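Read off the chains here:
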Amino acid sequence: MKHNQIGNQIRELRMSRNMTQAELGNAVGVSMQAVSKWERGGTPDIDVLISIARYFGVTMDELLGLVPDSSGQLSDVLFSSLLHSTSQNKMEEAIDHCWSIFKGMSGLPSVQNYSFSSAKSADIENSRCRVSNNNGISYFLAAKDARLFAIAPEPAEGFNALLSTDAEYVELFRFLSDPDVFRLLLFICTRPQSLFSKRLAANTTKLPETKVKAVFLEFEKRGWLVQESADMDTGAITLYRAACKEHFVFFLLFAREMIIRPKFWYLTCVSKRTNPLLRSFESPAAQSASSRCAANSDPLAASEAAAAR
């Protein structure tokens, strides 16, 4: 898709009807300034693009100038739009599309023209959004300085089918409750895509190197760290690289949403869900494991003992 191709298409369609920018804006529910912005290189939201295509009686292919073999499906439109977007804009453009999707999922016609909240992410009561029905759940942080989108269609077996066992969750939270473990995870997330040593981690976090070694052993068992080696003049040294930093950042982001507990929502639609979010106290994995009663040992204590040897 060439630069400003969408804007040129909109301009040509508008002029073919001898319409002013203000008249087109009124027809699709936006301002004259918005139309002017599109024709100068801006891109309308997906829901507005659909309204424009319907108004002029053209396909999305024609409106977006896609190649003839494109199917014209919305998935093709989104793919093409993001594929040709600059690397600096891909995430922002993607979250704009997600906002349109989220508003559509709410089933509330009145929110079509909702913009992102003018509140900042610290304004708990005016930037959080949720949609919940019997087909799944979705969440949106729609603050002007921070956006976050999550969607989970519900499996036929329910959300329990996606869960680990109770014991695995309890053990994970117990492990993360160690302040030293948490501090080392934060250290890993501050590192660029490069290798690092136990000594660097110890010096940066002010933790004993024996503690760092024990925690890193446990991180390796969990697949959070990968151990590598490098040959130096003094011999081989052990280095590490992170394997799942993004997991931990997402974990922190959603943990914060649980901590702040918004009482009022910027956009909410949960009345259509009649089923409970979870169908039982146990996941299928927990149910299959319930017959096996294995004592849970302290993995960090075991790692510390191994590190001391």
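Fair warning: this is a prediction, and the values are worked out from it, not measured in the lab.

Visitor: How would you sum up helix H9 (residues 179–190)? Please name residues and give values.
Guide: In this model H9 runs 17 Å from its N-terminal to its C-terminal C-alpha over 12 residues, within 8% of the 16 Å that 1.5 Å per residue would give. The set of residues buried in H9 consists of Val181, Leu184, Leu185, Phe187 and Ile188. One side of H9 holds all its buried residues, which, seen down the axis, span an arc of 155 degrees. Seen from the buried face of H9, the exposed residues on the opposite side, beyond 90 degrees, are Pro179 and Thr190.

Visitor: Give me the sheet that holds strand E2 (residues 136–143): which residues, what numbers.
Guide: In space, the 4 strands of this open sheet follow the order E3-E2-E1-E6, with mixed pairing throughout. Each having just a single partner strand, strand E3 (146–153) and strand E6 (267–269) make up the two edges of the open sheet. Looking at each pair of strands side by side, their axes are set apart by 10 degrees on average, direction ignored. With 6 bridges joining them, strand E1 (residues 128–133) and E2 adopt antiparallel strand pairing. Residue pairing in the sheet places valine 131 in a bridge with serine 138 of E2. Here helix H7 (residues 90–106) sits on the sheet and contacts E1, E2, E3 and E6; the angle it forms with E2, its principal contact strand, is near 130 degrees. Strand contacts of helix H12 (residues 245–260): E1, E2 and E3, with the helix running at about 95 degrees to E3, the strand carrying the most contacts.

Visitor: Tell me about H12, and please be specific about residues and values.
Guide: It helps to recall that an α-helix has 3.6 residues per turn; residues three or four apart then point in one direction. With 16 residues, H12 extends 23 Å from end C-alpha to end C-alpha; this agrees with the ideal 22 Å at 1.5 Å per step. Lys245, Phe248, Glu257 and Ile260 are the residues of H12 that are buried. Where H12 is buried, its residues contact E1, E2, H9 and strand E5 (235–242). Count one or two residues on from H12 and you reach arginine 261, which has phi positive near 50 degrees.

Visitor: Explain the pairing of E2 to me, using residue names and the numbers behind them.
Guide: Counting buried positions along E2 gives 7 out of 8 residues, so the element sits mostly inside the fold. Between E1 and E2, which pair antiparallel in sequence order, lie 2 residues. Judged from the 8 bridges that link them, E2 and E3 form a sheet pairing that is antiparallel. The residue bridging serine 138 from the neighbouring strand is isoleucine 151, located in E3. Where E2 folds back on E3, the antiparallel hairpin that results is connected by 2 residues.

Visitor: Explain the pattern of salt bridges to me, and be specific about the residues and the numbers.
Guide: Tallied over the entire structure, the rule returns 12 salt bridges. Of the charged contacts in the structure, one is a salt bridge between glutamate 92 and arginine 147, with a shortest N-O distance of 2.3 Å. Of this pair, glutamate 92 sits in helix H7 while arginine 147 is found in strand E3, placing the two residues 55 residues apart along the sequence. The class of glutamate 92 is partly exposed, set by a relative accessible area of 42%. The shortest N-O distance in the salt bridge between glutamate 154 and arginine 273 comes to 2.8 Å. Residue glutamate 154 is found in the loop between E3 and helix H8 (166–176), and its partner arginine 273 is found in the loop between E6 and helix H13 (284–289); the two are separated by 119 residues along the sequence. Both residues of the pair, glutamate 154 and arginine 273, count as buried. Members of the salt-bridge network, linked through shared partners, are Glu171, Arg174, Glu218 and Arg222.

Cut-off values and rules
Residues numbered from 1 in each chain as written. Predicted model: local features only at pLDDT ≥ 70, side-chain atom pairs only at ≥ 80, totals over all residues. Heavy atoms only, no water. Helix = DSSP H or I, 4+ residues; strand = E, 2+ residues; numbered from the N terminus. Expected span 1.5 Å × (residues − 1). Buried < 20%, exposed > 50% of the residue type's maximum accessible area, 1.4 Å probe, protein only. Arc of directions from axis to C-beta. Pairing = 2+ DSSP bridges. Axes fitted to C-alpha atoms, helices over the stretch in contact; angles between N-to-C directions. Contact = heavy atoms within 4.5 Å. Salt bridge = Lys/Arg side-chain N within 4 Å of Asp/Glu carboxyl O.

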